[in-house]
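Results of the structural survey
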Amino acid sequence: MGTPAAFRVAYRDLLIYRRVWKANLAGALFQPLMYLLGIGLGVGALVDKAPDSASALGGVSYLAFYASAIMATTSMFTAGQEALWPMMDGFRWSNAYRAMISTPLEPTDVVTGVAVYFACKTAVGATGVAMALTLFDDTRSWGLVAAVPVAVLTGLAFALPLTAWTSTRDSDRSFPPIMRFILIPMFLFGGVFFPIEQLPDWLEPVAWAAPLWHGVELCRGIILDSIGPAKATLHLLVLIGFAGGGWVVCTQTFRRTLRP
Amino acid sequence: MAEPLIEARSLVKRFDSFVAVDGIDIDVQPGEAFGFLGPNGAGKTSTMRMIGCVSPVSAGSLTIFGLDPRLDGRDIRSRIGVVPQMDQLDAELTVEENLIIYARYFDIKKGEARRRTSDLLDFVQLTEKAGDKVDHLSGGQKRRVSIARSLISEPELLLLDEPTTGLDPQARHVLWDRLYRLKERGATLVLTTHFMDEAEQLCDRLVVMDRGKIVAEGSPRSLISQYSTREVLEMRFGRDRNKEHLDEVEAVGERVEVLPDRLLVYAADGEGVLATLRERNVVPDSALVRRSSLEDVFLRLTGRSLAD
Ligand SMILES: Nc1ncnc2c1ncn2[C@@H]1O[C@H](COP(=O)(O)OP(=O)(O)OP(=O)(O)O)[C@@H](O)[C@H]1O
Ligand SMILES: [Mg+2]
């Protein structure tokens, strides 16, 4: 038996990634530290002074509340970005995916291989964030280890649907608006900086529909040990739904684009 | 006759309602070098992609190695090498890495992949560039990387879509030599080209395609003898004056083509025609007698020169 097809696909992406993974890890360590020092400690000092803040935040400090979400947001941005321009390169610029399907590999193998690569890359990022979070008393826990795979899944819940979109595009024109109008709003309103209960009532259901909120809640719950099995399962299923649904759509769109 | 390696019957490729390949029949025998010759948009690449099992057949039948691309695409692709019209190399990776990842797609083990890579880089004379990023290579060098890469799986059938477009004359000759050697080793070559000399050099047999259809088929030599004359006299009379002497010229040549910049007179004996015309006071600014080529065949068949 040879190597599974998906790993042969991922090998190419990882070979390119190998050049930059150390910088990627350092970034994943450093960036959350910056956020945590600025927002977690700075804003946190103000927030924690308010009399009812602890109850609104679920009984934790603002630093712990915010820091535990960074696992998920880092994955979202890593995976989101990876699913846009680099995928476009594979389809339209270097045409690497076209080269792959002229070998025994099938479009479906390419989809799965790309997912394996996303998983590897978000795992490096999530590990970096987890390492950064061990520096703070409020977030240092074994839950950080369990949160890494959840962060990876959160990444896939973004990366695969976005990849399906990219695979149908001729140009990268739609990418900046995707960043600006999908990823950034989720970042701002997805329960990262404040609980979504603080949102206007009509906006709250929008947050439920966004994969980021589920990733954030699950990572937070695991790291701070504040989530029950029922809620955890629900969040997990939603994330699997986004990732799995994205995979299924990708198998169709990849086939259509790569084999006109 | 042996079972054909590629057999197409009434093969059609449609993109929505547009018909790119319009019912072609082809048979390619093992060990043969087979060419598709035709202008832009003739349907050469569309045909090659169907043979390469990366584009579904719209209608008609196609078998490769006796297998059906719809059912056995993976098996067929594992036995063919493809040089696409546009290079599909990874610019960020080195030449060597490009070959090794491609070998991995075929599930060739790393050690074996390394060994073949070094042999192939030697074969295309790029050994010194092994560690360079593909981004830093010239167009012709990239083309040679593509060719080396297509050979990494030791394919029985090689599909080359305009392999020498963009190469300088010397690089082209090196490449022809390499392709010729592959053929000697028993590989079957299918190639497309715009270049008449390339088709004449490399192909045992070729089809001329135009607007999705095959308009002629045969060996380069038989096509030339069938659709052209032994020699061609090219005459220039200067701007806008090419038509002035048309009557006199038509009287002595077998066939005359008027191009914007020159007259082509088809005849068995070009020098003889030129001498006769001079006797009759038809004196061109310049004149040249050459052997007839596939370019002439093409002009005859389609009424257009390939450069159009
Ligand atoms: N994916 C596609 N979608 C729609 N039309 C296409 C597609 N691919 C090719 N065509 C059309 O099919 C026709 C044949 O194209 P093809 O690429 O096969 O020509 P060709 O003979 O290889 O030309 P060239 O010498 O320029 O490479 C062209 O008119 C082209 O516009
Ligand atoms: Mg073409």
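Just so we're clear, the structure is a prediction, and the values are computed from it rather than from any experiment. (Residues numbered from 1 in each chain as written. Chains lettered and ligands numbered in written order. Predicted model: local features only at pLDDT ≥ 70, side-chain atom pairs only at ≥ 80, totals over all residues. Heavy atoms only, no water.)

**Examining the overall build of chain A**
Assigned secondary structure in chain A consists of 12 helices and zero strands. When the helices and strands of chain A are placed in sequence order, the string is α-α-α-α-α-α-α-α-α-α-α-α. Taking 260 residues into account, the globule formula puts the C-alpha radius of gyration at 18 Å, and chain A, at 19 Å, falls close to it. With the principal axes as the frame, chain A shows a C-alpha extent of 65 × 40 × 35 Å. In chain A, which comprises 260 residues, the proportion classed as buried is 53%. Taking contacts inside chain A between residues at least 6 apart in sequence as the whole, the part at least 24 apart equals 78%. (Helix = DSSP H or I, 4+ residues; strand = E, 2+ residues; numbered from the N terminus. Rg over C-alpha atoms; globule rule 2.2 N^0.38 Å. Buried < 20%, exposed > 50% of the residue type's maximum accessible area, 1.4 Å probe, protein only. Contact = heavy atoms within 4.5 Å.)

**Notes on the overall build of chain B**
Along chain B, the regular secondary structure elements total 11 helices and 13 strands. Each principal axis of the C-alpha atoms in chain B carries an extent, and together these give about 75 × 45 × 40 Å. Going through the 308 residues of chain B one by one, you find that 55% of them count as buried. A separation of at least 24 residues holds for 68% of the contacts in chain B among residues at least 6 apart in sequence. On chain B, roughly 13800 Å² of surface is accessible, and the fraction owed to carbon and sulfur atoms is 46%. Taken as two groups, the 43 positive and 52 negative side-chain charges of chain B have centres that lie 3 Å from each other. (Areas by Shrake-Rupley, 256 points an atom, 1.4 Å probe, with all protein chains shown as cover. Lys, Arg positive; Asp, Glu negative; His and termini not counted. Charge placed at Lys NZ, Arg CZ, Asp CG, Glu CD.)

**So, the sheet that holds strand 13 (residues 286-291) of chain B**
Residue and element names in this part refer to chain B. Read from one edge to the other, the open sheet built from four strands follows the order 11-12-10-13, with strand pairing classed as antiparallel. Unpaired on one side and paired on the other, strand 11 (255-258) and strand 13 mark the two borders of the sheet. On average, each strand axis in the sheet is tilted by 20 degrees relative to the strand beside it, whichever way the strands run. Relative to the sheet, helix 10 (residues 270-279) contacts strand 10 (231-236), strand 12 (263-267) and strand 13, its axis offset from that of strand 10 by approximately 40 degrees. (Pairing = 2+ DSSP bridges. Axes fitted to C-alpha atoms, helices over the stretch in contact; angles between N-to-C directions.)

**A few points about the domain arrangement of chain B**
The domain boundaries assigned to chain B delineate domain 1 (6-224) and domain 2 (229-291). Just the C-alpha atoms count here: the centres of domain 1 of chain B and domain 2 of chain B sit 39 Å apart. (Domains from an automatic or database assignment.)

**With respect to the coordination of the magnesium ion (ligand 2)**
All names here are of chain B. Around the magnesium ion (ligand 2), the protein supplies T45 (OG1) and Q85 (OE1) as donor atoms, at distances of 1.9 to 2.1 Å. Here T45 is found in helix 1 (residues 44-51), whereas its partner Q85 is found in the loop between strand 5 (80-83) and helix 3 (95-105), with 40 residues between them in sequence. Assessed through its relative accessible area of 24%, T45 is described here as partly exposed. For Q85, a relative accessible area of 33% corresponds to the partly exposed category. (Donors = N, O, S within 2.8 Å, 3.2 Å for Na, K, Ca; no water.)

**Examining the interface of chain B and chain A**
Taken together, the 28 residues of chain B in the interface contact 25 residues of chain A. Between chain B and chain A the total buried area reaches about 2400 Å² when both faces are included, carbon and sulfur atoms providing 53% of it. In this assembly, chain B and chain A are joined by six salt bridges. The residue R74(B) makes a salt bridge to D109(A) at a minimum N-O spacing of 3.1 Å. Our count for the chain B to chain A interface comes out at 17 residue pairs in polar contact (both at pLDDT 80 or more). For the side of chain B that touches chain A, the secondary structure elements donating two or more residues are strand 1 (6-15), helix 2 (69-78) and helix 3 of chain B. It is helix 3 of chain B that provides the largest number of residues to the side of chain B that touches chain A, a total of six residues. Residue composition of the side of chain B that touches chain A, grouped by class: 12 nonpolar, four polar and 12 charged. (Buried area = accessible area lost by both parts, 1.4 Å probe. Salt bridge = Lys/Arg side-chain N within 4 Å of Asp/Glu carboxyl O. Polar contact = N/O pair within 3.5 Å; in protein donor to acceptor, adjacent residues only side chain to side chain. Nonpolar A, V, L, I, M, F, W, Y, C, P; charged D, E, K, R; others polar.)

**Looking at the environment of F193(A)**
Residue and element names in this part refer to chain A. Within the element layout of this structure, F193 appears in the loop between helix 9 (175-189) and helix 10 (204-209). Along the backbone, F193 and D48 are 145 residues apart, and their C-alpha atoms lie at a distance of 13 Å. Leaving out residues up to four positions away in the same chain, F193 has contacts with I39, Y62, F65, Y66, F187 and L188.

**Quick notes on helix 7 (residues 107-133) of chain A**
Spanning 27 residues, helix 7 of chain A covers 39 Å between terminal C-alpha atoms, matching the ideal 39 Å at 1.5 Å per step. With 20 of its 27 residues buried, helix 7 of chain A lies for the most part within the structure. (Expected span 1.5 Å × (residues − 1).)

**Things to note about the nonpolar core**
The biggest cluster of nonpolar side chains holds 130 residues, and the ones touching the most others in it are M71(A) and L294(B). Per element, the largest residue contribution to this core is 13 residues, and it comes from helix 8 (residues 143-167) of chain A. Once residues within four sequence positions are removed from consideration, L294(B) is found in contact with L37(B), M196(B), A199(B), E200(B), L206(B), P220(B), L223(B) and I224(B). Within the second largest apolar cluster, 27 residues are counted, among which are M48(B), M50(B), I80(B) and L157(B). (Core = buried A, V, L, I, M, F, W, Y, C linked by side-chain atoms within 4.5 Å.)

**What to know about the site of ligand 1**
Residues in close proximity to ligand 1 total 15 residues, the closest being N40(B), K44(B), T45(B), S46(B) and Q85(B). Near ligand 1, the surrounding residues are drawn from chains A and B. For ligand 1, an oxygen atom lies 2.8 Å from a polar atom in the backbone of G41(B). At a separation of 3.0 Å, an oxygen atom of ligand 1 approaches a polar side-chain atom of H194(B). Considered on its own, ligand 1 offers 630 Å² of accessible surface; in the complex 64% of this is hidden by protein. Breaking the shell around ligand 1 down by element, the ones donating at least two residues are strand 2 (18-28) and helix 1 of chain B. The element best represented in the shell around ligand 1 is helix 1 of chain B, accounting for three residues. In the shell around ligand 1, the residues fall into six nonpolar, seven polar and two charged. (Near = heavy atom within 4 Å.)

**Remarks on the sheet that holds strand 6 (residues 157-161) of chain B**
All names here are of chain B. Pairing in this open sheet of six strands is mixed, and the strands run 5-6-7-3-8-9 from one edge to the other. Sheet topology places strand 5 and strand 9 (213-218) at the edges, where each strand pairs with a single neighbour. The sheet shows a mean angle of 15 degrees between the axes of neighbouring strands, taken without regard to direction. Taken strand by strand, helix 6 (residues 169-184) contacts strand 3 (33-37), strand 6 and strand 7 (188-193), and its axis lies near 155 degrees from that of strand 6.

**Details of the pairing of strand 2 of chain B**
All names here are of chain B. Two strands pair when backbone bridges link them, and strand 1 and strand 2 are joined in this way by eight bridges, in the antiparallel orientation. Looking at the pairing, F15 lines up with F18 of strand 2. With antiparallel pairing between neighbouring strands as the criterion, strand 1 and strand 2 make up a hairpin whose turn holds two residues, including D16 at a positive phi of roughly 55 degrees.

**Let's talk about the pattern of salt bridges**
All names here are of chain B. Within the structure shown, the criterion is met by 39 salt bridges over all chains. Ionic pairing is found between E32 and R205, a salt bridge with its closest N-O pair at 2.6 Å. Of this pair, E32 sits in the loop between strand 2 and strand 3 while R205 sits in strand 8 (residues 205-210), and the two are 173 residues apart along the sequence. Neither E32 nor R205 differs from the other in exposure class; each is buried. Three or more residues joined by partner-sharing salt bridges are found here, namely E234, R236, D261, R262, R290 and D296.

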